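Per-entry structural report
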Amino acid sequence: MILTVTLNVSLDVSYGVERLSRGEPVRVRDVGMRPGGKGLNVAMVLAALGTEVTATGLVGGHRGELIREGLAATAVVDGLFAIAAESRQTVVAAADDGSFAEYDEP
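As the structure is a computational prediction, the values presented were derived from the model and not from experiment. (Residues numbered from 1 in each chain as written. Predicted model: local features only at pLDDT ≥ 70, side-chain atom pairs only at ≥ 80, totals over all residues. Heavy atoms only, no water.)

**Thoughts on the sheet that holds strand β2 (residues 10-17)**
Picture the strands of a sheet paired through backbone hydrogen bonds; they go either parallel or antiparallel. Formally: Think of it this way: DSSP has to see at least two bridges between two strands before they count as a pair. Strands here are runs of E lasting at least two residues and helices are runs of H or I lasting at least four, both read from the DSSP assignment and numbered beginning at the N terminus. Only the stretch in contact is used when fitting a helix axis, every axis being a line fitted to C-alpha atoms; angles between N-to-C directions are given from 0 to 180 degrees.
Pairing is mixed across the open sheet formed by four strands, whose spatial order is β3-β2-β6-β7. Bordering the open sheet on either side are β3 (28-36) and β7 (100-104), each of which pairs with just one other strand. In this sheet, neighbouring strand axes are inclined to one another by 15° on average, regardless of whether the strands run parallel or antiparallel. Pairing geometry for β2 and β3, over eight bridges, is antiparallel. Each residue of the ladder has a partner; that of V13, found in β3, is M33.

**A few points about the pattern of salt bridges**
Put simply, the rule is: Definition used for salt bridges: Asp or Glu carboxyl oxygen within 4 Å of a side-chain nitrogen of Lys or Arg. Buried, partly exposed and exposed residues are distinguished by accessible area as a fraction of the type maximum, computed with a 1.4 Å probe on protein chains only: under 20%, between the cut-offs, and over 50%, respectively.
Counted by the stated rule, this structure contains six salt bridges. For R19, the salt bridge goes to E24, with nearest N and O atoms at 3.8 Å. For R29, the salt bridge identified is with D96, shortest N-O distance 2.6 Å. Pair noted here: R29 is in strand β3 and D96 is in the loop between β6 (88-95) and β7, with a separation of 67 residues, a long-range link. A relative accessible area of 49% places R29 in the partly exposed class. With a relative accessible area of 51%, D96 lands in the exposed category.

**Some words on the nonpolar core**
Inside soluble globular proteins, nonpolar side chains tend to come together where they are buried. Here is the rule: Buried Ala, Val, Leu, Ile, Met, Phe, Trp, Tyr and Cys residues form a nonpolar core when they are joined through side-chain atoms within 4.5 Å. Contact between two residues is taken to exist if any of their heavy atoms lie within 4.5 Å; hydrogens are not considered.
Residues V9, L40, I67, L71, V76 and L80 are the most contacted members of the largest nonpolar core, which totals 15 residues. Elements supplying a minimum of two residues to this core: β2, α1 (38-48), β4 (53-60) and α2 (61-72). Among the elements that take part in this core, α1 stands out by supplying four residues, more than any other. Excluding its chain neighbours within four sequence positions, the residues that come into contact with L40 are T6, V9, P35, A55, I67 and L71.

**Concerning the side chain of S87**
What counts, and what does not: Nitrogen and oxygen atoms within 3.5 Å of one another constitute a polar contact, given that in protein one can donate a hydrogen and the other can accept it, and given that sequence-neighbouring residues count only through two side-chain atoms.
Here S87 is to be found in the loop between β5 (77-83) and β6. Its relative accessible area of 5% is what places S87 among the buried residues. A polar side-chain atom of S87 sits 2.9 Å from the main-chain amide nitrogen of G60. Not counting the four nearest positions on each side in its chain, S87 is found in contact with V9, L58, V59, G60, R63, G64 and I67.

**Quick look at the environment of V28**
Positionally, V28 belongs in strand β3. Judged by relative accessible area, which is 41%, V28 ranks as partly exposed. For V28 and P106, which are 78 residues apart along the polypeptide, the C-alpha to C-alpha distance reads 24 Å. Excluding residues that lie within four positions of it along the chain, V28 makes contacts with Y15, G16 and V17.

**Section: the environment of V91**
Locating V91 in the fold gives a position in strand β6. For V91, a relative accessible area of 15% corresponds to the buried category. Remark: the alpha-carbon pair of V91 and T6, spanning 85 residues in sequence, is separated by 18 Å. With near-sequence residues (within four places) excluded, V91 lies in contact with V13, Y15, A101, E102 and Y103.

This is a description of form; function is not addressed.
Here it is in structure tokens:
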């Protein structure tokens, strides 16, 4: 059994777009959401490889609920602790040409 610790868990949101633009609206083609943060990422890879793993860290608010729902769809055991604050979110817009823009909340 492995335990991962992620104090700054995030909800990772990805936007699929045709292109990135400066000063023009861009249509989002598809949206994906998944639990994120380095420790959760490691835990999900280990679980996918068949290792027993529990992830712990701090989650809160609506985003925390979404993180827990996403984690429940994996083989990772949820050892997360609820807090009053809203969990952070990271947004990535990934364009068809491979370019991307990443926005990391504090």
